[in-house]
Amino acid sequence: MTLTPTRVGDVRVRRLTTTLYGYSFLEEFVLLYPVYALLFSDAGLSVWQISSLFALWSVTAVVLEVPSGAWADAVSRRLLLVVGPLLTGAGFALWVLVPSYAAFAAGFVLWGTGGALSSGALEALVYDEMERGGVSDRYARVLGRARAAGLIAVMAAMGLAGPVLVWGGHAAVGAASVLVCALASVTASRFPEHRVAGGVREGWTAALRGGLREARRDRSVRGALLLVPAVAAVWGALDEYTPLLVREAGVGDAVVPGVLLVIWGGATAGSLLAGEGERFGTGGLAVLVGGGGVALAVGALAGTVVGLLLVAAAFGAFQAATVLAEARLQHRIEATGRATLTSVAGLGTELVTLTVFAGYAVVASGHGHGAAFAVAAVPYVVLGVGLVVVVRFRRAGAEV
């Protein structure tokens, strides 16, 4: 049977998307995620020591985010996606085999490095391959499904971590996590990559300069770069505090995981619906972020289980908006500096997230978690209004 070019393209796109969904699931299906704080505590670490490990993790990600993106533009992106999970798995193995502060610190550095290698490279590879197949207009839908696969993996890991921990202790949870990282690496090797790494001869610094030069030259790229952290960072930081918000609403500790699954179910639904939202443009994005901000504030201040349903709806809106903002960035970037600029957006998200952590601690310490969530919702309402102003300004200009 002879395959037409269209059929060949469809097969390649199918291979790309199925590999992406599998990779996204395996990246997040790590049983250590829900319980690694217990591992640290059982090893005798103090709260301050555990906090310092989280800080080291964040600093590693911040320092390596942009250089790793430039590297992904200079070499094979698929190679970085293969190596990243192996570094993360090596870090997890250290935690279980040599449970000590030094091993935990080294593991976080390895994990941060592995995550930085994947960040930027994944989005750039997928978009370039979809563009090559003539289906880049479906990128938001595909990215949304990939993010949904990751969220489903998180929920599955939350459900399985407890029973596995009871059955085999931290060793079993750690071994399962290392195995999943190895499987993610093998899956990454199946990504198609037809791009010629044009920056190889000049090195990653040339790729970095080229990407930043594009951002300086093109105002639409700069706007898209700023939009990603504006949408993604705040709710991404709040997710760490959702168990405390749920408990403050009067939910018993035994029921907290079930309520969290509902909230993450909302985020998963947002991912799956993101592709449909792309056709509504900037106006639809404004409704998502502004409406999500209102729902988050009202739900958090209600202090009830019903209010938490509004929080779930808000997380769904923010997840969809995040996917749309990331897709908008990819549509505006030229292929040469795609991973570099995607990593610049990731760096912005990391920096804003650290700021949110500090501000949250100040508000929650004096006024509670509901108030802190409500304050965090304000930037989304402001952003939604700002996007509406942009839409009206464009329409007025078009009429003139």
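These numbers were taken from a predicted model, which means no experiment stands behind them. (Residues numbered from 1 in each chain as written. Predicted model: local features only at pLDDT ≥ 70, side-chain atom pairs only at ≥ 80, totals over all residues. Heavy atoms only, no water.)

For the protein chain, the count of helices and strands is 15 helices and zero strands. Expressed as a percentage of its 400 residues, the buried residues of the protein chain come to 50%. (Helix = DSSP H or I, 4+ residues; strand = E, 2+ residues; numbered from the N terminus. Buried < 20%, exposed > 50% of the residue type's maximum accessible area, 1.4 Å probe, protein only.)

A cluster of nonpolar side chains, V294, V298, L310, V381, V385 and V389, forms an exposed patch at the surface whose accessible area comes to about 460 Å². Counting residues per element, the nonpolar patch draws most heavily on helix α15 (residues 369–399), which supplies three residues. Position of V298 among the secondary structure elements: in helix α12 (residues 281–302). According to the relative accessible area criterion, V298 is partly exposed, its value standing at 46%. (Patch = residues over 30% accessible without salt bridge, like charges linked within 9 Å, V, L, I, M, F, W, Y side chains within 5 Å. Areas by Shrake-Rupley, 256 points an atom, 1.4 Å probe, with all protein chains shown as cover. Salt bridge = Lys/Arg side-chain N within 4 Å of Asp/Glu carboxyl O.)

Another point: the environment of E27. Take E27: it is sitting in helix α1 (residues 5–28). The class for E27 is partly exposed, based on a relative accessible area of 29%. Along the primary structure E27 and A184 are separated by 157 residues, whereas in three dimensions their C-alpha atoms are 6.3 Å apart. If sequence neighbours within four positions are ignored, E27 has contacts with Y33 and S118. (Contact = heavy atoms within 4.5 Å.)

What follows concerns the pattern of salt bridges. Enumeration according to the criterion identifies seven salt bridges in this entry. A salt bridge links D73 to R77, with the nearest nitrogen and oxygen atoms 2.6 Å apart. Exposure class is identical for D73 and R77. Each is buried. One continuous salt-bridge network, built from bridges that share partners, spans D73, R77, D128, E131 and R338.

Moving on, we get to the packing of aromatic side chains. Scanning all chains against the criterion turns up 29 aromatic pairs. Here the aromatic rings of F108 and W111 are separated by 5.8 Å at their centres, their planes lie at 10 degrees, and the arrangement is stacked. Of this pair, F108 and W111 both sit in helix α5 (residues 101–118), separated by three residues, roughly a single helical turn. Plain terms: the ring middles of Y241 and Y360 are 3.8 Å apart, the flat faces sit at 15 degrees to each other, and that makes the pair stacked. Of the two residues, Y241 sits in the loop between α9 (219–238) and α10 (242–248) while Y360 sits in helix α14 (residues 338–367), which places them 119 residues apart along the sequence. Counting every residue linked through ring pairs, the aromatic cluster contains Y33, Y36, F40, F54, W57, F92, W95, F104, F108 and W111. (Phe/Tyr/Trp six-rings, centres within 6.5 Å; stacked < 30°, edge-to-face > 60°.)

All right, on to the confidence of the model for the protein chain then. Atomic detail in the predicted coordinates should be set aside for any region of low pLDDT. Looking at the protein chain, pLDDT values average 86 and 90% of them are 70 or higher. Averaged over each element, pLDDT in the protein chain is lowest for helix α8 (residues 204–217) (64) and highest for helix α4 (residues 77–97) (96). Every residue in residues 1–6 is under pLDDT 50, and counting partners more than four places away or in other chains gives two contacts. (pLDDT = per-residue confidence, 0-100.)

Inspection of the secondary structure assignment puts T19 in helix α1. Sequence-distant contacts of T19, defined by excluding residues within four places in its chain, comprise T187, R190 and F191.

This brings us to the nonpolar core. Counting residues in hydrophobic clusters, the biggest one holds 109 residues, and the most contacted among them are F40, W95, V126, F191, L296, F315 and F373. If you tally residues by element for this core, the top one is helix α7 (residues 139–188), at 15 residues. Excluding residues that lie within four positions of it along the chain, F373 makes contacts with L238, Y241, T242, L245, L296, A300, F315 and Y360. (Core = buried A, V, L, I, M, F, W, Y, C linked by side-chain atoms within 4.5 Å.)

Another aspect to go through is α9. In a regular helix each residue adds 1.5 Å, so 20 residues correspond to 28 Å; α9 covers 30 Å between its end C-alpha atoms and thus fits that length. Remark: the principal bend of α9, roughly 30 degrees, maps to A232. (Expected span 1.5 Å × (residues − 1). Bend = angle between axes of the 7 residues up to and from the residue.)

On to the environment of Y360, then. Taking relative accessible area as the criterion, Y360 reaches 4% and is therefore assigned buried. Taking the C-alpha atoms as reference points, Y360 and V375, separated by 15 residues in sequence, lie 8.6 Å from one another. Once you skip the residues sitting within four places of it in the chain, Y360 turns out to touch L238, Y241, H369, A372 and F373.

Next up on the list: the packing of α9 against α14. Axis separation between α9 and α14 bottoms out at 8 Å; the angle between their running directions is 40 degrees. The orientation of α9 relative to α14 falls into the category oblique. The interaxial crossing formed by α9 with α14 has right-handed handedness. From α9, V221, L225, V228, P229, A232, A233, V234, A237 and L238 reach across to α14, where they touch L341, V344, A345, G348, T349, V352, T353, V356, F357 and Y360. Of the residues in the contact of α9 with α14, the class split is 16 nonpolar, three polar and no charged. (Axes fitted to C-alpha atoms, helices over the stretch in contact; angles between N-to-C directions. Parallel < 35°, antiparallel > 145°, perpendicular 65-115°, else oblique. Left-handed = near helix turned anticlockwise from the far one by under 90°. Nonpolar A, V, L, I, M, F, W, Y, C, P; charged D, E, K, R; others polar.)

Take helix α6 (residues 121–132) next. If you check α6, its first and last C-alpha atoms are 16 Å apart, about what twelve residues at 1.5 Å a residue would give, namely 16 Å. Residues of α6 that are buried: A121, L122, E123, A124, L125, V126, Y127, D128, E129 and M130. Downstream of α6 by one or two residues, G134 has phi in the positive range, about 75 degrees.

Let us look at the environment of L296. Residue position: L296 is located in helix α12. On the basis of relative accessible area, L296 is assigned to the buried category, the value being 0%. Taking the C-alpha atoms as reference, L296 lies 9.6 Å from V375; in sequence the two are 79 residues apart.

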